[in-house]
Amino acid sequence: MKQKILIVENEGLLRRYMISCVVPTGNFDVLEANNLLTAIEITNQHQPLVILFDLMLQDTDPLAFIKQIRSIAADYYPYVILTSIIKDDKLTKLAYAYGADYYLEKNFKCFELSGILQNILRQYNNARLLTENELRYRSLFNLAAEPMLLIQLDNFIITEANAAARSVFGFTNTDKINALLQSVSAKPDELQSYLNQRTQMVLGIRFQHANGKSFIAKAGFDYFQLKGIDHALMSV
């Protein structure tokens, strides 16, 4: 699905040039405005992923514009690209401080803008994938009747356990556990080896019950990222 980009520029010729840089990428539907008041209305209505605008538009306050679009909705955070024919380092630094993401001088080439847009799409898609993975994990985790453990794979620390897992392995009812594998496994090195190999299913792993007795059970593993860190969701 195409994303939306809003191009805010009062010079028609330059606005058309910007549009000619964006359209060939095939990734965006282009919205246009020749002033910031219209840009605010369009942003409120369409919530474009990217807003490209002239930092030196006449009779406007670009910093107030950035601040206003950042306050439209808690879950809406567009990427802001600034352009300017006058290089004003002080104003540019203020714009970044108010939440601008990129800066382009007005004599930019199409490939420069295309490169920024490709980077934005990559960031956006990665963030969306992380969100989808986390929602998927939370759904599995909270609804499961069987014991489930969340394991961070860079250090093999158990960070979370659902209610069933807390009962079986004796974890206290806190949000974060930060337990070692040996707190649940009679053979932690073997379990770590399965995790290293990204094993999907093991028919028999020896676990350690909260009552001190060991038991053998089947374990399934689902691998994904949370906040950019590799994790495994283990069901027992």
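Note: the structure precedes this text.
Reference entry: report on the structure contained in this document. (Residues numbered from 1 in each chain as written. Predicted model: local features only at pLDDT ≥ 70, side-chain atom pairs only at ≥ 80, totals over all residues. Heavy atoms only, no water.)

What to know about the sheet that holds strand S9 (residues 201-208)
Point 1. What the six strands build is an open sheet, ordered S8-S7-S6-S11-S10-S9; its pairing is antiparallel. The open sheet has two edge strands with one neighbour each: strand S8 (179-180) and S9.
Point 2. Pairing analysis gives five bridges linking strand S6 (residues 148-152) to strand S11 (residues 229-235), with the strands arranged antiparallel. Residue pairing for S11: Met-148 is matched across the bridge by Ser-235. (Pairing = 2+ DSSP bridges. Helix = DSSP H or I, 4+ residues; strand = E, 2+ residues; numbered from the N terminus.)

Quick notes on the sheet that holds strand S1 (residues 3-8)
Point 1. As summarised here, the arrangement of the five strands in space is S2-S1-S3-S4-S5, forming an open sheet in which the pairing is parallel. Looking at the sheet topology across the chains shown, the edges are occupied by strand S2 (28-33) and strand S5 (102-105). Direction aside, the axes of adjacent strands within the sheet are offset by 20° on average.
Point 2. Examined bridge by bridge, S1 and strand S3 (residues 50-54) share four bridges and lie parallel to one another. Residue pairing across strands places Ile-5 opposite Val-50, the latter belonging to S3.
Point 3. Across the sheet, helix H3 (residues 62-69) touches S3 and strand S4 (79-84), and the angle it forms with S3 is around 170°. (Axes fitted to C-alpha atoms, helices over the stretch in contact; angles between N-to-C directions. Contact = heavy atoms within 4.5 Å.)

As for the side chain of His-231
Point 1. One can find His-231 in strand S11.
Point 2. Given a relative accessible area of 6%, His-231 falls into the buried group.
Point 3. Reaching out from His-231, the side chain makes a polar contact with the backbone oxygen of Ile-229 at a distance of 2.8 Å.
Point 4. With near-sequence residues (within four places) excluded, His-231 lies in contact with Leu-150, Ile-151, Gln-152, Leu-153, Asp-222, Tyr-223, Phe-224 and Leu-226. (Buried < 20%, exposed > 50% of the residue type's maximum accessible area, 1.4 Å probe, protein only. Polar contact = N/O pair within 3.5 Å; in protein donor to acceptor, adjacent residues only side chain to side chain.)

Concerning helix H4 (residues 89-98)
Given 3.6 residues per helical turn, the α-helix brings residues three or four places apart onto the same face.
Point 1. Taken as a whole, H4 has its buried residues at Leu-91, Thr-92 and Ala-95. Considered in projection along H4, the buried side chains sweep an arc of 100° and stay on one side of the axis. Across H4 from its buried face, at more than 90 degrees, point the exposed residues Lys-90, Lys-93 and Ala-97.
Point 2. Among the structural elements, H3, S4 and S5 are those in contact with the buried residues of H4. (Arc of directions from axis to C-beta.)

What about the pairing of S6?
Point 1. In terms of residue burial, S6 counts as a mostly covered element, since five of its five residues are buried.
Point 2. Going residue by residue along S6, you find Met-148, Leu-150 and Gln-152 tucked away on one face and Leu-149 and Ile-151 tucked away on the opposite face as well.
Point 3. Pairing geometry for S6 and strand S7 (residues 157-161), over four bridges, is antiparallel. Looking at the pairing, Leu-149 lines up with Ala-161 of S7.
Point 4. Counting the residues between successive antiparallel strands, the hairpin from S6 to S7 contains four residues, one of them, Phe-156, with a positive phi of roughly 55°.

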